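Below, each chain spelled out in residue letters.
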Amino acid sequence: MSSWLGGLGSGLGQSLGQVGGSLASLTGQISNFTKDMLMEGTEEVEAELPDSRTKEIEAIHAILRSENERLKKLCTDLEEKHEASEIQIKQQSTSYRNQLQQKEVEISHLKARQIALQDQLLKLQSAAQSVPSGAGVPATTASSSFAYGISHHPSAFRDDDMDFGDIISSQQEINRLSNEVSRLESEVGHWRHIAQTSKAQGTHSSDQSEICKLQNIIKELKQNRSQEIDDHQHEMSVLQNAHQQKLTEISRRHREELSDYEERIEELENLLQQGGSGVIETDLSKIYEMQKTIQVLQTEKVESTKKMEELEDKIKDINKKLSSAENDRDILRREQEQLNVEKRQIMEECENLKLECSKLQPSAVKQSDTMTEKERILAQSASVEEVFRLQQALSDAENEIMRLSSLNQDNSLAEDNLKLKMHIEVLEKEKSLLSQEKEELQMSLLKLNNEYEVIKSTATRDISLDSELHDLRLNLEAKEQELNQSISEKETLIAEIEELDRQNQEATKHMILIKDQLSKQQNEGDSIISKLKQDLNDEKKRVHQLEDDKMGITKELDVQKEKLIQREVALNDLHLNKQKLEDKVENLVDQLNESQENNVSIQKENLELKERIRQNEEELSRIRNELTQSLNQDSNSNFKDTLLKEREAEVRNLKQNLSELEQLNENLKKVAFDIKMENEKLVLACEDVRHQLEDSLAGNNQLSLEKNTIVETLKMEKGEIEAELCWAKKRLLEEANKYERTIEELSNARNLNTSALQLEHEHLIKLNQKKDMEIAELKKNIEQMDTDHKETKDVLSSSLEEQKQLTQLINEKEIFIEKLKERSSKLQEELDKYSQALRKNEILRQTIEEKDRSLGSMKEENNHLQEELERLREQQSRTAPVADPKTLDSVTELASEVSQLNTIKEHLEEEIKHHQKIIEDQNQSKMQLLQSLQEQKKEMDEYRYQHEQMNATHTQLFLEKDEEIKSLQKTIEQIKTQLHEERQDIQTDNSDIFQETKVQSLNIENGSEKHDLSKAETERLVKGIKERELEIKLLNEKNISLTKQIDQLSKDEVGKLTQIIQQKDLEIQALHARISSTSYTQDVVYLQQQLQAYAMEREKVFAVLNEKTRENSHLKTEYHKMMDIVAAKEAALIKLQDENKKLSTRFESSGQDMFRETIQNLSRIIREKDIEIDALSQKCQTLLAVLQTSSTGNEAGGVNSNQFEELLQERDKLKQQVKKMEEWKQQVMTTVQNMQHESAQLQEELHQLQAQVLVDSDNNSKLQVDYTGLIQSYEQNETKLKNFGQELAQVQHSIGQLCNTKDLLLGKLDIISPQLSSASLLTPQSAESLRASKSDVLSESSELLQQELEELRKSLQEKDATIRTLQENNHRLSDSIAATSELERKEHEQTDSEIKQLKEKQDVLQKLLKEKDLLIKAKSDQLLSSNENFTNKINENELLRQAVTNLKERILILEMDIGRLKGENEKIVETSRGKETEYQALQETNMKFSMMLREKEFECHSMKEKALAFEQLLKEKEQGKTGELNQLLNAVKSMQEKTVVFQQERDQVMLALKQKQMENTALQNEVQRLRDKEFRSNQELERLRNHLLESEDSYTREALAAEDREAKLRKKVTVLEEKLVSSSNAMENASHQASVQVESLQEQLNVVSKQRDETALQLSVSQEQVKQYALSLANLQMVLEHFQQEEKAMYSAELEKQKQLIAEWKKKAENLEGKVISLQERLDEANAALDSASRLTEQLDVKEEQIEELKKQNELRQEMLDDVQKKLMNLANSSEGKVDKVLMRNLFIGHFHTPKNRRHEVLRLMGSILGVRREEMEQLFHDDQGGVTRWMTGWLGGGSKSVPNTPLRPNQQSVLNSSFSELFVKFLETESHPSIPPPKLSVHDMKPLDSPGRRKQDTNAPESFKDTAESRSSRRTDVNPFLAPRSAAVPLINPAGLGPGGPGHLLLKPISDVLPTFTPLPALPDNSAGVVLKELLKQ
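Thresholds, definitions, all that
- Residues numbered from 1 in each chain as written.
- Predicted model: local features only at pLDDT ≥ 70, side-chain atom pairs only at ≥ 80, totals over all residues.
- Heavy atoms only, no water.
- Helix = DSSP H or I, 4+ residues; strand = E, 2+ residues; numbered from the N terminus.
- Buried < 20%, exposed > 50% of the residue type's maximum accessible area, 1.4 Å probe, protein only.
- Contact = heavy atoms within 4.5 Å.
- Areas by Shrake-Rupley, 256 points an atom, 1.4 Å probe, with all protein chains shown as cover.
- Salt bridge = Lys/Arg side-chain N within 4 Å of Asp/Glu carboxyl O.
- Patch = residues over 30% accessible without salt bridge, like charges linked within 9 Å, V, L, I, M, F, W, Y side chains within 5 Å.
- Lys, Arg positive; Asp, Glu negative; His and termini not counted.
- Charge placed at Lys NZ, Arg CZ, Asp CG, Glu CD.
- Expected span 1.5 Å × (residues − 1).
- Axes fitted to C-alpha atoms, helices over the stretch in contact; angles between N-to-C directions.
- Parallel < 35°, antiparallel > 145°, perpendicular 65-115°, else oblique.
- Left-handed = near helix turned anticlockwise from the far one by under 90°.
- Nonpolar A, V, L, I, M, F, W, Y, C, P; charged D, E, K, R; others polar.

A.B. asks: Can you lay out the overall build of the chain for me, pointing to particular residues and giving the numbers?
C.D. replies: The secondary structure content of the chain amounts to 37 helices and 0 strands. In the chain, which comprises 1979 residues, the proportion classed as buried is 34%. Considering only contacts within the chain whose residues lie at least 6 apart along the sequence, 90% involve residues at least 24 apart. Total accessible area on the chain is roughly 121,000 Å²; 55% of this is exposed by carbon and sulfur atoms.

What follows is the structure, encoded as structure tokens:
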């Protein structure tokens, strides 16, 4: 499936890439078209074409705009759909992943159950080999292929990073997963069914049936696979056929369209031929068009040939795709350039032809100018459009060629479909374009017909043009020939195109064949890859771990690099600020200098003005005097007074202005001084900040170096430890194999040598020798361990020093944080200073406004002065023509003063502008300072983040140490469990040993897997401050528990050592007692030497233990130190929390209410669940109580059926409650979904708030801070939601545990019921009924188990329930321990050892339970961490999206600011224009003033002339010539009038001239302005062209970027396995970019970091090796010590067992009946103890195995009893009416050997043996004795031959004196005491009986037999094989005391020689053998 998905993703990526390529080509065509249009537009503007062309261009532009807008809308819609589909896919994938995880958990549970059942099956098979005819045993088998089949599928889904290429692929993945889930469920049901059926059936039948079923399943799977392959091939063929049909249809349409075009061209040619002579212009225009088309077709021919070559190259070079694609792009660009060049050439030729036509036809042009212009426009547009369309057709053909070439790369049919759709759309577009062309051509035809009619009418008028027409006809014929040639060329081109189509079709067929071959190769490659992937999975895991470490280091490096970059940016900003401040200072200094110079110039001007005023006053006084002389005093006096008053007022005004200017200058000086002071302060602050930055950079560099060294050293140590562990594991496995071999040899020796103990002793001696060899090896190992221990101490000291360095670094960080706080306070002070400077700037603004007001008042005063001057002129003109020249001079002086004041005013305006610039600069500096403050805030946040990271690293270190301690504990406990199981193996047979070693190996593998899991979990960061506190508490508790466990372990080890020594002493004593001969003295000496060696080893072990305790105390002190550091860090964290709370209180009003409600609902639901679980737990307790009472009370009676019915009813009730809990679960799921919807709504509200915030530009900074707070609070809420989800998952897991416990309880119910049946007195019928009920219960329980497992899949996760169930389990454990302790008090001393073993097993099981709980917690933490990582990724994506939106909004704000600045610039331009107009007005007034001055001067000259004339008149009067005077006066008057007229004319002419000059200047300004406008418009045009080109380029770039993105996504999907390479490449790229930015620093850093990395890697590798060696040696030491202790215990236990057996055999002869009773009680108590142990070990298979072993022993012992009873009965029946010949012969001979007075006793005994009554015997004795002797002699005949006659010795006569009966009794007593103990009976030697219930008793048996049979039948129970009665298999040997020279009496000889062998009677424990014989004698 993974390969199929990969192919699909690659196919989609390639199809999208082709779509992008077609888009890129289309955009390139659009850009070329727009460039051509712009070129044509510029040519048209230059040629000044008519408006129709511009309108067409505008229409095309509008069409393009609308197209662009439509495409933009489509893009936005597609993006929105893509986002929506991505969200849907993510949600679905998360849900499916959760389901998959649940299924995997269920499968793991089922696997564990299956493994347990397999183990049971194997044990039962081994038992069945010994017991072939036993009852049905529950057994299940399962194929391992199931486990392998499951593990491959989820991995393909789990490794992806949620980057789905398309919705289709994701939907297919979902369907596949659903099919997988259904298949897994069906398989689980199948295996369950097999388990149930196999419980009822036998082992052999179940195996065969399962094998058959598995074979059938394999066949079905093969058939399904073949069907799927056939279906897939069929679909492939169908799709290929459809694709070929579509291709044929498209080619057919293309040919039809080409034929239509050809017909259209023929029609146009016919129309041209019909046109005739009059249609010259139209024909010419059509000829031009045809020429263009011919040239275009020629270019197409060239291009088609080139494309043919390119196609051949592509088909040949499929493997070199990239290079060929680049070459194709270059070729296409060149072709486009060639096309553009050819197009330009065509346009030039068209223009040349037009010029020739205009030269040939001047008259025709006059008549039809308008017509020809229109036709030219139409021809141009048509040609352009045709060229554009042909280019489009070419591009489409190129796209088709590219698509056909890319068919080689296709792996999926989805691409073909997409390409066909694209091609169809392109063809539809072409069709629409062709239809538009058709309509346009029809319109043009109509126009041409109209023009033809018009031209006909005009042609009739022009007969003079016939000659020209003739020439033109000749030209037309030539052109027609050219046209025919072009048509023939076109036909050839069409044929070539058809050939190309055929070649394309052939190529497609070839591609399809190649594709099929490639698909086959790909399938083969996928199979190989799948095999290789399986091999690579394990290596990937290791690589992932290394990657995680590497990623952590790279993250730290990236953080350091980012900090460096930020510091450098801050330094650059500071340098810029400094430069700006220096520029400001220089500007202020320049302003001060200018103001000083202005003051000096003003003072000079004031002095000059004062001097001029004095001169004016002197001239006034002189003029007054003259006027008084010349004219009347009355008329002039008033005028002079008024003038004087006006002048005085003007002088006062001027003085006031001067004082105001002086005040302004003083204010300016003060302001400049203040600004200088502020600049100096700012420079000092900048230098301080620079120093602090440098210090912080140095500190950070040191920190990064130290961190890197520490991380690398830790890595090296880890690698070394892992290597040592692997070595130690190999050693352990080898030793375990050795021990197993020795154990097998022991067991074989025991089975073989049952008769003799000497061989066993020899084996023991051999084993002791082997142990000595091993002890020597262990001594060497201990020495190596000591050296390694010293090395580990050194490593620990180095790690302590590193920890101290870390603490120092933390302190330095805290100091740095305090420095940053101080810096922030300083920055706040600087802000205050800057705010004061802003206030001063506002004061300056106010002063400048006051100056503006004063300027306005000055202007008004100027206007008043002008008005007063005009009044003065009028008055002077009215008054007498005589005036003083001084007044004119004063007027000129005043005018000059006015001009000077104007210059002063201009200077002041310049100063105002300068001040405005200064204010703007200050505003900019203020903005820069605000930016720097924000940057410093960011730095503070980064330092806080660093601080948190440091804390996280410390917590990681602590967790890693804790996990190392846990791993050591786990290894110790695993070794203990292995040793216990080895002890049990010694007691049981070879088969059991083999199975338990399998279990041990499984346990070891599980432990290693758990260890790996715990390591993986430590690498994930613990999030949240509360979680850290909880972890610290947990660490404290774990440390305390570990110390206790270590102390207990040390105590246990000491106790075990003492026990071993005591056992060795007991062994020595036993050997001394047993072996009294001299041959065993050497062995005794050897054992003493062994004891001494053991004592030495004990001392060494004690020394090692002391060292371990010292190390433990040292580690405790280190842990306390680290706890203190963590507490300090917690205090700092609490401070940061308070700050975060203050920030988060702003946002906690709206969101918290919703979350509170949801939290309350969830807590209410959880409480209700807790109540339900309490009820369930109480019911479970009641069930347990009922079971206990039933197990204790039903010893004598049967099982109550009522109790079973009640249990079934309660189980039904529990099922109903589980259904209710499922409903609750659904409600909780709905609430969680509602919470998710609410969170989505909150996200939308947040986005709206962000948009509103970004609108407000004034409050931007404050609102950004608030926005960051909102984001943090939202993330906190999301984390809360995640926590809720995690709690729900934990609760579900706890419910699963509850149901598992319930299953185990029900299983134990089923186990207890057969025990009860075995313990109770049942007839054969009741036993059979019990078996039937047991099978029913088993079937019912299996069905219920199925239902409950199905319900478990749907059950919710609750956390508190698990804790309560665990507490209840602990209570039950404690209760069961108390019960067992009370039972132990009642039991005998012999059962104490067994109870101790059970207790030890219980402790081990409790420890295992704790370990499993810890593992469950670890797995839940792992799940939580994975969920958190997933949510973190989602949050990062959302944050990135938000950042993109923020950037977009910032860009909009910047555009708004630019527009605002443009508006301000326009306003400034307008104000400058207004100033220019004012300046022109002032110039005009100045000109008027100068004119007035000239007039005044002229008047002064005329007054002087008049004065001279008056003087002459006075002289003439004196002479008395009155007549002449009159004449002269008249002449003078006429001359004066003429002069006045001339003056007026001159003034008018001058004014007119000046007006003309002003008008000329105004016109010149207007011309200049128009030129500027033209220049600006041209610039705007160029800018718009550039903008268009840039926009098109950017569009193409974006399309290419989209293609690149798609390619990147494809690479990501396909190259997931190459993550390491990509990460390393990314690291190199990042380092390369950083080196480009900071080249010199990075080179130095790279050199130093390489050296440091190499040294650090070497150090870390060496340290890790040292640590690994130390750990592995410590583990080895512990394992070896455990092995020694257990071996000693084994030998001591075996010796004790031998002694116990000897003692038991001695007691058996006396206490057989009491033994049976004690065995019965012991069995009951053992059953009770096993029940309690089974309650404790609910989830462990070890106890179940022990119970099964006990059951086997029960059955074996019962079968042994049955054998013995049957043998007894058979012997009794067979020996009832029979008498042994040998016995009778011996009695008969003994009768004659005895003295005569005691012969009647022998006869009585013979009679009793023969069954003769006492009365008959007495009658016989009373009869005559002679008859008897005669009968006896006749009966014997030749009896003396057969019987050996031993001669009597003299020392035996005393023995013969005693009675025969006494001798017989003594003989039997000696024989009843055996000298040699009986051998142990193995399980295989005991042959089972058919049924334990069937027994037969013979009525003729003696009473003693009946009694024993009754006692046995009443107490049927397990019999110890070591206490079994002696059977006929044991031979009766001579007594030890008597040799061959013993007593010669027949009765004292061995039975095997003399007497017939009696079947020995089972002796009662209270009565001896003598009593039985006495009873016989009495009879």
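A.B. asks: Explain the pattern of salt bridges residue by residue, including any values.
C.D. replies: For the coordinates displayed, the defined rule picks out 30 salt bridges. Between Arg731 and Glu735 there is a salt bridge; the shortest N-O distance is 3.9 Å. Placement of the pair is Arg731 and Glu735 together in helix 13 (residues 633–752), with a separation of 4 residues, close to one helical turn. Notably, a salt bridge pairs Lys1129 with Glu814, separated by 3.4 Å at the nearest N-O pair. Taken together, the positions of Lys1129 in helix 18 (residues 1081–1144) and Glu814 in helix 14 (residues 758–878) put the pair 315 residues apart, joining distant regions of the chain. We classify Lys1129 as buried; its relative accessible area is 6%. It is possible to trace a salt-bridge network through shared partners that takes in Glu180, Arg183 and Glu187.

A.B. asks: Let's hear about a negative patch on the surface: which residues, and what values?
C.D. replies: A cluster of like negative charges, contributed by Glu582, Asp583, Glu586, Asp590, Glu594, Glu597, Glu906 and Glu910, occupies part of the molecular surface. Contributing elements (two or more residues each) for the negative patch: helix 12 (466–630) and helix 15 (885–987). No other element matches helix 12, which puts 6 residues into the negative patch. You can see Asp583 is positioned in helix 12.

A.B. asks: I'd like a description of helix 24 (residues 1389–1519), backed by residues and values.
C.D. replies: The end-to-end C-alpha separation of helix 24 is 189 Å, in line with the 195 Å expected for 131 residues at 1.5 Å each. Just downstream of helix 24 lies Gly1520, where phi reads positive at about 90°.

A.B. asks: An account of the packing of helix 12 against helix 26 (residues 1619–1637) is requested, with residue identities and associated values reported.
C.D. replies: At a minimum axis distance of 12 Å, the contact between helix 12 and helix 26 shows a crossing angle of 15°. By the criterion of interaxial angle, the relationship of helix 12 to helix 26 is roughly parallel. Crossing hand, helix 12 versus helix 26: left-handed. Facing Val543, Glu547, Lys550, Thr554, Lys561 and Ile565 of helix 12, the residues of helix 26 in contact are Lys1619, Leu1620, Ser1624, Met1627, Ser1631 and Gln1637. For the contact of helix 12 with helix 26, the class distribution of residues is 4 nonpolar, 4 polar and 4 charged.

A.B. asks: Describe the side chain of Gln936, and please don't skip the residues or the numbers.
C.D. replies: Looking at where Gln936 falls in the secondary structure, it is placed in helix 15. With residues up to four places along the chain from it excluded, the contact list for Gln936 reads Val689 and Leu827.

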